[in-house]
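A structural walkthrough
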Amino acid sequence: MNDISSMFGNNNGLSGMLSDYSAIRSGSYKKLMKSYYSDVQGASPARSKAGSNNTLEKVLEDRRKPAISKEASAANSKLASSISSYKSALSTLQNEKTYENTENGAEARDKVKNAIKSYVSAYNDSVTTAKKSTNLNMTSNVAGAMEATREDAAALKELGVTLNSDGTLRFDEKGFKDVELSKVKDAFDGNIALSYGSKVATRLNRISTSAVNSSASSIDTANTVSTVSDSKNLMESIGNLKGSDLYAKTKDSAGNDTFNRSGVEAELDRFIEFYNATLNSAKSSGVSGVISNLATMQQKTSQDAASLAQIGISIGSNGKLSINKDTFANASEDTIKKNLTDYASSIENNARLLNYYSTTQNSSASGYSATGAYNNAADVVSKLYTQV
């Protein structure tokens with residue numbers, strides 16, 4: 001799978017990002033992106049010149065000139081409708097009654113088959129329309145749903161749903177004929193944290209009503225200010241969880257070295273408070289850098305669900321964290337230290353970038369501003385064109 005992030009890497013954190021920014025201002029980044037998109041869209045190098053038929057050029061031009069084109073405006077409006085249908089189709093597959101026979105003779109298998117067909121149609125419509133949209137709140141979350149679909153492509157294929165090379169889906173009714181309905185139900189179950197349906201629902205639920213109905217350049221200023229404060233606190237707590245000082249031995253009343261379990265627990269409580277607060281304030285942000293790094297941070301948290309559960313931390317259906325004090329009290333010192341430091345290290349860079357974007361880019365929604373300043377438009381758009 002071609003991934004634009006692999007071209008630049010993100011292991012160097014802020015320094016790497018600033019290096020990318022310099023490349024953007026010099027023009028080399030844009031040339032590279034044009035070459036990348038021409039390959040993705042099947043164009044030859046000779047046809048990658050700027051023009052009205054180059055999707056990347058259209059998006060970047062919309063970013064440079066805040067006035068949204070008629071085509072982009074129509075796509076934004078259509079995407080809002082498409083996402084609404086997408087949510088509805090997903091909801092049907094997550095409804096218990098879809099998997100039950102009814103008194104009027106409708107069999108569960110036919111209902112599930114029709115529900116999958118509707119889901120595939122709504123998914124494809126959203127993906128296709130998102131490629132023309134300039135509303136990054138919507139497009140970034142559609143890109144996130146596409147990412148979840150790629151991750152679960154093998155499991156979906158067992159249900160008769162195949163991922164095409166352009167990111168769309170295809171439903172094979174013949175292949176579905178012998179599929180156990182319980183497998184479909186489990187795959188789309190919204191109450192299972194790591195299920196396909198849960199990951200997609202998380203993405204779609206981040207698209208707030210205000211974001212869908214607003215233009216691509218709108219920003220909730222009060223929300224951005226909250227994100228700055230919450231993410232700053234989160235960064236500090238992550239640093240504490242990674243630090244060796246937190247896990248240093250303390251002397252008990254008898255002079256023996258003991259694990260400072262209560263101190264670790266207090267810091268963990270602070271971390272959970274700041275993590276959940278950041279989710280609240282950042283989920284409706286109009287800044288693409290905030291949205292994308294929040295999504296990645298949540299994805300990494302989900303990937304660490306098993307190790308977090310070992311020390312009592314669980315992930316709710318809304319993405320928020322909570323802790324079971326009894327489980328934490330019974331976890332070993334080594335397990336607590338290793339699982340917390342590993343997890344904190346995994347999300348540290350995204351928390352830092354989330355804070356950076358919310359702090360420095362709250363004056364523009366996304367992409368190129370009227371002065372030509374860049375703030376990550378192509379990163380989000382690129383996800384929509386990533387090939388399998």
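One can find the structure itself at the top, above this paragraph.
These lines cover the structure that appears in this document, whether it is placed above or below.

Topic: helix α10 (residues 181-188)
Leu181, Val184, Ala187 and Phe188 are the residues of α10 that are buried. Axial view of α10: buried residues confined to an arc of 125°, hence all on one face. Check the buried side of α10 and you find it contacts α5 (70-93), α6 (108-130), α8 (153-157), α9 (173-176) and α11 (196-205).

Re the pattern of salt bridges
In total, this model carries 15 salt bridges according to the counting rule given. Put simply, Asp125 and Lys78 hold a salt bridge, and the shortest N to O gap is 2.8 Å. Residue Asp125 is found in helix α6, and its partner Lys78 is found in helix α5; the two are separated by 47 residues along the sequence. Using a relative accessible area of 31% as the deciding quantity, one classes Asp125 as partly exposed. The class of Lys78 is partly exposed, set by a relative accessible area of 40%. For Arg203, the salt bridge is made with Glu147, and the minimal N-O distance between the two is 3.6 Å. Residue Arg203 is found in helix α11, and its partner Glu147 is found in helix α7 (residues 136-151); the two are separated by 56 residues along the sequence.

A word on the environment of Leu308
As for its placement among the helices and strands, Leu308 is situated in helix α16 (residues 305-309). Of the residues examined, Leu308 reaches a relative accessible area of 0% and is grouped as buried. For Leu308 and Ile323, which are 15 residues apart along the polypeptide, the C-alpha to C-alpha distance reads 9.4 Å. For Leu308, the residues in contact, after removing those within four places along its chain, are Thr301, Ile313 and Tyr343.

Here we look at the side chain of Thr98
In this structure, Thr98 sits in the loop between α5 and α6. A polar contact is formed between the side chain of Thr98 and the backbone oxygen of Thr92, at a distance of 2.5 Å. Once residues within four sequence positions are removed from consideration, Thr98 is found in contact with Thr92, Ala108, Lys111, Val112 and Ala115.

A few points about the packing of α7 against α11
In the contact formed by α7 and α11, the axes pass within 8 Å of each other and the chain directions differ by 170°. As judged from the angle between their axes, α7 and α11 are roughly antiparallel. Along its contact with α7, which presents Ser140, Asn141, Gly144, Ala145, Glu147, Ala148, Thr149 and Glu151, the element α11 presents Tyr196, Lys199, Val200 and Arg203.

Section: the packing of aromatic side chains
Taken as a whole, this structure holds nine aromatic pairs when the rule is applied. Every member of this aromatic cluster is reached through a ring pair, and the members are Tyr86, Tyr119, Tyr123, Phe188 and Tyr196. The ring of Phe176 is capped by Arg109, whose NZ or CZ atom sits 5.3 Å from the centre of that ring.

Comments concerning the nonpolar core
If you look at the biggest cluster of nonpolar residues, it comprises 40 residues, and the most contacted ones within it are Tyr86, Ile116, Tyr119, Val184, Phe188, Tyr196 and Val200. Those elements that place two or more of their residues in this core are α5, α6, α7, β1 (161-163), β2 (169-171), α10 and α11. Per-element tally for this core: the top contributor is α6, with ten residues. Not counting the four nearest positions on each side in its chain, Val184 is found in contact with Leu93, Tyr99, Val112, Ile116, Leu159, Phe176 and Val179.

Points about the environment of Asn205
Note on placement: Asn205 falls in helix α11. Looking at Asn205, the relative accessible area reads 58%, which means it is exposed. Taking the C-alpha atoms as reference, Asn205 lies 8.9 Å from Asn141; in sequence the two are 64 residues apart.

A look at the packing of α6 against α7
In the contact formed by α6 and α7, the axes pass within 10 Å of each other and the chain directions differ by 130°. Taken together, the axes of α6 and α7 lie oblique to each other. Note that α6 runs across α7; the crossing there is left-handed. Contacts between α6 and α7 involve Tyr123, Ser126, Val127 and Ala130 on the former and, on the latter, Thr139, Val142, Ala145, Met146 and Thr149. Classifying every residue of the contact of α6 with α7 by side-chain character gives six nonpolar, three polar and no charged.

Conventions we followed
- Residues numbered from 1 in each chain as written.
- Predicted model: local features only at pLDDT ≥ 70, side-chain atom pairs only at ≥ 80, totals over all residues.
- Heavy atoms only, no water.
- Buried < 20%, exposed > 50% of the residue type's maximum accessible area, 1.4 Å probe, protein only.
- Helix = DSSP H or I, 4+ residues; strand = E, 2+ residues; numbered from the N terminus.
- Arc of directions from axis to C-beta.
- Contact = heavy atoms within 4.5 Å.
- Salt bridge = Lys/Arg side-chain N within 4 Å of Asp/Glu carboxyl O.
- Polar contact = N/O pair within 3.5 Å; in protein donor to acceptor, adjacent residues only side chain to side chain.
- Axes fitted to C-alpha atoms, helices over the stretch in contact; angles between N-to-C directions.
- Parallel < 35°, antiparallel > 145°, perpendicular 65-115°, else oblique.
- Phe/Tyr/Trp six-rings, centres within 6.5 Å; stacked < 30°, edge-to-face > 60°.
- Lys NZ or Arg CZ within 6 Å of the ring centre and 35° of its normal.
- Core = buried A, V, L, I, M, F, W, Y, C linked by side-chain atoms within 4.5 Å.
- Left-handed = near helix turned anticlockwise from the far one by under 90°.
- Nonpolar A, V, L, I, M, F, W, Y, C, P; charged D, E, K, R; others polar.

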